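# Structural description and commentary
What follows is the residue order along each chain.
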Amino acid sequence: MTATEISKLVGVTRATVSNWRKRHEDFPKPVGGTEFRPVFDWNAVQAWLAERGQDATDAPILSLQTLLRSSLSSDDAQVLLAGLKPSESGWVSSDSASTDALSGVLKTLAHAAEVEGPRAALQALADHAHGDEQNVGLYRTPELVATLMAELLQPLGAGLVRVLDPACGGGSLLVAAAKRGATELYGQDISETQAALARLLVQAETEVEANIAMGDSLHGDAFPGLEVDAVMSSPLSLRDWAADRVQVDDPRWGYGTPGRMDSDLAWVQHALAHLRPGGLAVLLVPASVASRASGRRIRSSLLRAGALRAVINLPPRLPQLLWTRLNLQIWILEKPDPNAAVPDSVLLVDTAPAAGEAAQSGAGDAVDWPPVADTVQRVWSAFVEGRSAEAEEPNVSTVVRVVDMLDEEVDLTPGPRVKLAIDPGIVAGEADTALSRLRTAVAELAHVSEAVGQVAQISGATWRTATISDLASGGAVRILRSQLPKSTTANDEDLRLAITGRDIATGNPASGKVKVEPGSPMVEVGDVLVPTVRAPRGQSFRIAGPEDAGIALGPNVQLVRTDPQRLDPWFVAGFIGGIDDAASLGTTAIHSALHRTRIPLLPLAQQQRYGEAFRGVHQLRAALTRAGEAVEQIAEVVTTGLVAGALEPTTGSAINEDISNPRGGSE
């Protein structure tokens with residue numbers, strides 16, 4: 001298996017596996033692959049990890065991937081994928097010349113599908129058929145995004161029967177449409193592998209037999225003349241989509257001929273051309289489509305015709321969408337009904353505030369998705385039902401008249417217009433709240449800094465020390481880690497709240513969800529929680545409080561539980577997060593680093609005095625973080641309020657000019 005697969009199974013970063021290879025001469029050597037993508041013997045890696053106290057349980061998907069590499073070439077896997085048919089036991093091959101190797105693959109495929117789900121099993125086969133390359137255009141719409149896109153078809157109600165995805169990939173959106181009630185599914189994809197995967201996945205997950213074709217929809221539409229109730233798609237954005245190969249008078253280009261750089265607007269019009277009057281299209285497109293200069297005329301035509309109904313900004317760097325570095329939007333379009341009035345407004349939504357502060361700063365893995373989906377569905381429902389006042393939420397969504405968007409730029413980007421559509425009373429209240437937070441944080445900072453300063457100089461102390469590993473052997477501490485689940489799939493009720501390494505570094509409450517195996521360790525009050533990967537900045541440990549009790553250990557977290565009669569937890573935590581430990585870890589941590597941390601052997605009463613000092617330093621950092629967050633909130637709220645005309649300076653609000661840089665900016 002590859003280093004990436006090892007990292008996923010063990011629960012560490014890809015960089016950590018690379019670090020193991022560089023720093024440990026006894027790490028197993030590659031047994032195949034290439035210099036840039038080596039393949040390792042998993043049994044040897046497991047044995048190496050076991051020697052260091054790291055448990056790594058095998059998983060069915062990894063067994064399938066290993067068997068595929070050893071039994072089938074990519075071409076053979078492609079033939080198998082194209083010829084698979086559902087059966088009571090899983091799948092059977094249309095190839096009558098079944099071999100022992102093929103029988104083994106089918107059996108392992110069925111087992112992986114039973115344990116991990118058909119999507120994961122079929123995707124592993126498709127990846128191998130495509131050469132196991134990760135960046136070859138096989139872009140997958142994540143299930144949570146696909147589900148949201150399907151829910152946005154809610155206005156169609158029982159009228160959602162026939163759905164088309166002209167760039168269907170592996171079929172995620174067609175599956176979501178079927179779960180929303182669609183019974184006639186059509187898909188097309190330029191990749192033979194993806195088309196075969198979509199056919200199998202849709203039937204496996206929905207029991208609907210989709211009509212899937214292979215080919216380039218823009219240049220060779222497999223369903224000419226087909227009218228559907230809805231189009232859902234996440235088409236690949238191309239810099240040059242060979243616009244010169246299509247006819248200028250193509251009937252699809254009713255809103256303007258797309259330029260060479262405007263493949264996204266070609267897909268938009270292709271989708272509209274396949275809709276019945278009143279049908280809806282929900283497309284996932286790059287955010288640049290909303291403002292690119294070359295698309296102004298087409299955007300203007302879409303607005304004037306009432307075809308564009310909503311533009312929704314997704315959170316930046318959403319982890320499930322990291323197959324692209326682009327910021328993405330969902331566009332909702334409606335095929336104009338000649339017998340209905342032309343809509344005169346558009347809904348604009350910016351989901352970053354709903355996703356949380358971490359999402360706005362680009363920390364994609366901290367995005368809280370459920371509030372994002374709930375917000376989008378709520379404001380969209382209000383908008384289509386004519387409740388415009390309810391569709392407008394401060395700093396999240398606004399309803400804009402079409403005539404107000406038809407300026408020289410025809411810029412449809414939601415963010416700027418959403419920020420300007422704010423309630424003065426709400427902004428003033430937010431400013432007061434932020435100022436109150438800042439005053440509280442500053443007072444706390446002053447109090448804690450006074451306490452931290454109560455230290456005295458001594459001549460260099462010399463202590464007897466012991467490593468954490470030695471203390472664990474003597475029963476003074478226990479080191480616990482999360483146990484990897486035997487299966488990577490789980491129902492929501494099987495998942496438990498878990499603390500992650502990022503939660504510790506940022507000081508935020510537990511945010512992870514993990515499947516907990518019987519006997520897995522749970523956090524207790526007083527436990528020292530330590531991330532396995534230390535960042536240059538951020539907190540290096542957390543002492544579990546009552547709010548943390550009973551939660552699980554998430555990825556990249558280890559737990560040190562002290563015997564309170566022998567060791568003070570704050571004393572131990574202070575040395576774990578101190579200079580010696582940081583120097584030993586470097587930029588990338590490995591699990592054995594914690595074992596090497598040295599703890600002075602001092603009487604308990606003396607430990608407690610040091611522990612209080614370490615606690616004070618910890619509280620000082622936390623207070624400074626809260627003060628910084630309050631400053632950022634004040635700056636954003638007040639600046640936005642002044643720019644939007646919701647706030648104005650009061651008499652006597654001038655700032656003392658005796659500052660280091662009165663001109664602003666930086667020097």
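Residues numbered from 1 in each chain as written. Predicted model: local features only at pLDDT ≥ 70, side-chain atom pairs only at ≥ 80, totals over all residues. Heavy atoms only, no water.

Moving on, we get to the overall build of the protein chain. Along the protein chain, the regular secondary structure elements total 25 helices and 22 strands. Taken across its 667 residues, the protein chain has 46% of its residues classed as buried. Here the contacts in the protein chain between residues at least 6 apart in sequence split such that 73% fall between residues at least 24 apart. With an accessible surface of roughly 32600 Å², the protein chain has 51% of that area assigned to carbon and sulfur atoms. (Helix = DSSP H or I, 4+ residues; strand = E, 2+ residues; numbered from the N terminus. Buried < 20%, exposed > 50% of the residue type's maximum accessible area, 1.4 Å probe, protein only. Contact = heavy atoms within 4.5 Å. Areas by Shrake-Rupley, 256 points an atom, 1.4 Å probe, with all protein chains shown as cover.)

Where strand S3 (residues 84–87) meets strand S4 (residues 90–93), 4 bridges bridge the pair, whose relative direction is antiparallel. Across the sheet, the residue bridging to serine 87 is glycine 90, located in S4. (Pairing = 2+ DSSP bridges.)

All right, on to the pattern of salt bridges then. Scanning the entire structure with this criterion turns up 21 salt bridges. The residue aspartate 264 makes a salt bridge to arginine 292 at a minimum N-O spacing of 3.7 Å. In this pair, aspartate 264 sits in helix H11 (residues 263–273) while arginine 292 sits in the loop between strand S9 (275–286) and helix H12 (296–305), placing the two residues 28 residues apart along the sequence. Judged by relative accessible area, which is 22%, arginine 292 ranks as partly exposed. (Salt bridge = Lys/Arg side-chain N within 4 Å of Asp/Glu carboxyl O.)

Relative to the 21 Å expected for 15 residues at 1.5 Å per residue, helix H10 (residues 192–206) spans 21 Å between its end C-alpha atoms, a close match to the ideal helical length. All of the buried residues in H10 are Thr193, Gln194, Ala195, Ala196, Leu197, Ala198, Leu200, Leu201, Val202 and Thr206. A distance of 3.3 Å separates the backbone nitrogen of threonine 193 from a side-chain oxygen at the start of H10, and that oxygen is part of serine 191. Immediately beyond the C-terminal end of H10, within one or two residues, lies glutamate 207, with a positive phi of roughly 65°. (Expected span 1.5 Å × (residues − 1). Polar contact = N/O pair within 3.5 Å; in protein donor to acceptor, adjacent residues only side chain to side chain.)

Below, the discussion takes up the sheet that holds strand S17 (residues 512–515). The sheet built from 3 strands is open, its strands ordered S17-S16-S20 with mixed pairing. Of all the strands in the sheet, the pair left with one neighbour each is S17 and strand S20 (552–553). Pairing of strand S16 (residues 495–499) with S20 involves 2 bridges; the strand directions are parallel. Counted as the bridge partner of isoleucine 499 is leucine 553 from S20.

The next point concerns the packing of helix H9 (residues 172–179) against H10. Relative orientation of the contacting elements H9 and H10 amounts to 25°, with a least axis distance of 9 Å. Our classification of the angle between H9 and H10 gives roughly parallel. Pair H9 / H10 crosses with right-handed handedness. On H10, the residues touching Leu174, Val175, Ala178 and Lys179 of H9 are Leu201, Val202, Glu205 and Thr206. A per-class count over the contact of H9 with H10 returns 5 nonpolar, 1 polar and 2 charged. (Axes fitted to C-alpha atoms, helices over the stretch in contact; angles between N-to-C directions. Parallel < 35°, antiparallel > 145°, perpendicular 65-115°, else oblique. Left-handed = near helix turned anticlockwise from the far one by under 90°. Nonpolar A, V, L, I, M, F, W, Y, C, P; charged D, E, K, R; others polar.)

With antiparallel pairing, the 4 strands of this open sheet are ordered in space as S15-S21-S18-S19. Looking at which strands have only one partner, the edges of the open sheet turn out to be strand S15 (477–481) and strand S19 (542–543). Pairing geometry for S15 and strand S21 (residues 557–562), over 5 bridges, is antiparallel. Bridging across to S21, leucine 480 finds its partner in leucine 559.

Moving on: a positive patch on the surface. A cluster of basic residues, Arg14, Arg21, Lys22 and Lys29, forms a positive patch on the protein surface. Residue position: arginine 21 is located in helix H2 (residues 14–23). Looking at arginine 21, the relative accessible area reads 35%, which means it is partly exposed. (Patch = residues over 30% accessible without salt bridge, like charges linked within 9 Å, V, L, I, M, F, W, Y side chains within 5 Å. Lys, Arg positive; Asp, Glu negative; His and termini not counted. Charge placed at Lys NZ, Arg CZ, Asp CG, Glu CD.)

The next thing to look at is the environment of glutamate 5. Here glutamate 5 is to be found in helix H1 (residues 3–10). Here glutamate 5 falls in the buried class, since its relative accessible area comes to 12%. Separated by 34 residues in sequence, glutamate 5 and valine 39 place their C-alpha atoms 9.7 Å apart.

All right, on to the nonpolar core then. Most often, soluble globular proteins have nonpolar side chains that are buried together. Judged by nonpolar contacts, the single largest core of 75 residues is most densely connected at Leu84, Leu152, Leu185, Ile330 and Leu347. Here this core gets 8 residues from one element, more than from any other, and that element is helix H15 (residues 369–384). Formed by 33 residues, the second largest nonpolar core is a distinct cluster that contains Ala271, Leu272, Ile298 and Val400. (Core = buried A, V, L, I, M, F, W, Y, C linked by side-chain atoms within 4.5 Å.)

Here the structure, examined in full by the defined rule, presents 12 aromatic pairs. Ring centres of phenylalanine 541 and tryptophan 570 lie 5.9 Å apart, and the angle between their planes is 75°; this geometry places the pair in the edge-to-face category. Here the residue phenylalanine 541 occupies a position in the loop between strand S18 (528–531) and S19, and tryptophan 570 occupies one in helix H22 (residues 569–576), the gap between them amounting to 29 residues. Summarising the aromatic geometry, the rings of phenylalanine 571 and phenylalanine 575 are spaced 5.1 Å apart at their centres and angled 65° between planes, so their arrangement reads as edge-to-face. Residue phenylalanine 571 and its partner phenylalanine 575 are located together in helix H22, separated by 4 residues, close to a single helical turn. In this structure, phenylalanine 571 and phenylalanine 575 share a single accessibility class: buried. Feature note: the residues Trp463, Phe571, Phe575, Tyr610 and Phe614 constitute an aromatic cluster, connected by ring pairs. (Phe/Tyr/Trp six-rings, centres within 6.5 Å; stacked < 30°, edge-to-face > 60°.)

Turning our eyes to something else, we now look at the confidence of the model for the protein chain. As a general rule, the predicted coordinates of low-pLDDT regions are not to be interpreted in detail. On average, residues of the protein chain score 83 in pLDDT, and 85% of them are at 70 or above. Predicted confidence is poor over residues 358–365, with pLDDT under 50, and the contacts of this stretch with residues over four places away or in other chains come to 15 contacts. Segment residues 662–667: pLDDT under 50, and 3 contacts once partners within four positions in sequence are set aside and those in other chains are kept. (pLDDT = per-residue confidence, 0-100.)

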